[in-house]
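If you want the building blocks of each chain, they are given just below.
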Amino acid sequence: MTECCLVSGRELAQALGSVSGAPPPLTSLRLAYCSSLKVLQFPQLRQLSLSLLPALTDMGLVAVARGCPSLEHLVLSHCSHISDEGWAQAAGYWPRLQHLNLSSCSQLTEQTLDTIRQACKQIRVLDVAMCPGINVAAVRRFQAQLPQVTCVQSCFVGGADLTLTL
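Residues numbered from 1 in each chain as written. Predicted model: local features only at pLDDT ≥ 70, side-chain atom pairs only at ≥ 80, totals over all residues. Heavy atoms only, no water.

1. Some words on the state of the cysteines
Within this structure, the stated rule accounts for zero disulfides. Note on C105: no disulfide assigned, nearest cysteine sulfur contributed by C79 at a separation of 5.4 Å. Sulfur of C131: no disulfide; nearest cysteine sulfur belongs to C105 and is 5.5 Å away. We classify C131 as buried; its relative accessible area is 0%. (Disulfide = S-S within 2.5 Å. Buried < 20%, exposed > 50% of the residue type's maximum accessible area, 1.4 Å probe, protein only.)

Pasting the structure below:
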């Protein structure tokens, strides 16, 4: 569904839910560039990409969290209006989250790393590249506190490039 800018979440849910003899529940969905997205309600969804949605706000993120509580893989890269507060409200809905891409989310700070550590106990892979509010020390602390994390991608403005892989 990438780049379908006129499709809203409600229309998508209606279309996928109204097919007689419907296939098994939707488990993966990519909605990059889908700027008209309003409501997502897919409780069985395991993978979701909402990258390149600069209009996605904290309120929208919380609505996605409530409507898609089974997520294991989530991509939110370049969602520049998501803040630490929004992430703190949404994270509790995603205890199964294993892979998370927050690259280029410019408002996030190390507070988001603390929230992920507390709420997303199954996290394995995290990408916080180009998040100017998250520094190398915070990434190292995060990695040290969560031994199950196998990879943290982080490339920082100012020349520091850090990828921690076990």
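2. Let's talk about unusual backbone geometry
Even without being glycine, H78 reaches a positive phi, approximately 65°. Turning to its location among the elements, H78 is positioned in the loop between β3 (73–75) and α3 (84–91). The class for H78 is partly exposed, based on a relative accessible area of 39%. (Helix = DSSP H or I, 4+ residues; strand = E, 2+ residues; numbered from the N terminus.)

3. Focus on the pattern of salt bridges
For the structure shown, the criterion picks out three salt bridges. Residue E72 is joined to R46 by a salt bridge in which the shortest nitrogen-to-oxygen separation is 3.7 Å. With a gap of 26 residues between them, E72 in the loop between α2 (58–67) and β3 and R46 in the loop between β1 (28–30) and β2 (47–49) connect regions that are remote in the sequence. Take R46: its relative accessible area is 25%, and that puts it in the partly exposed class. Residue R117 pairs with D114 through a salt bridge whose shortest N-O separation is 3.9 Å. You can see R117 and its partner D114 sitting in helix α4 (residues 110–119), three residues apart, about one turn around the helix. (Salt bridge = Lys/Arg side-chain N within 4 Å of Asp/Glu carboxyl O.)

4. What to know about the environment of A91
Mapped onto the elements of the fold, A91 is located in helix α3. Along the primary structure A91 and T115 are separated by 24 residues, whereas in three dimensions their C-alpha atoms are 7.1 Å apart.

5. Looking at the confidence of the model for the chain
Averaged over every residue, the pLDDT of the chain is 81; residues scoring 70 or more account for 70%. Within the model, pLDDT remains below 50 along residues 18–23, and this stretch shows zero contacts once partners closer than five positions in the same chain are excluded. (pLDDT = per-residue confidence, 0-100. Contact = heavy atoms within 4.5 Å.)

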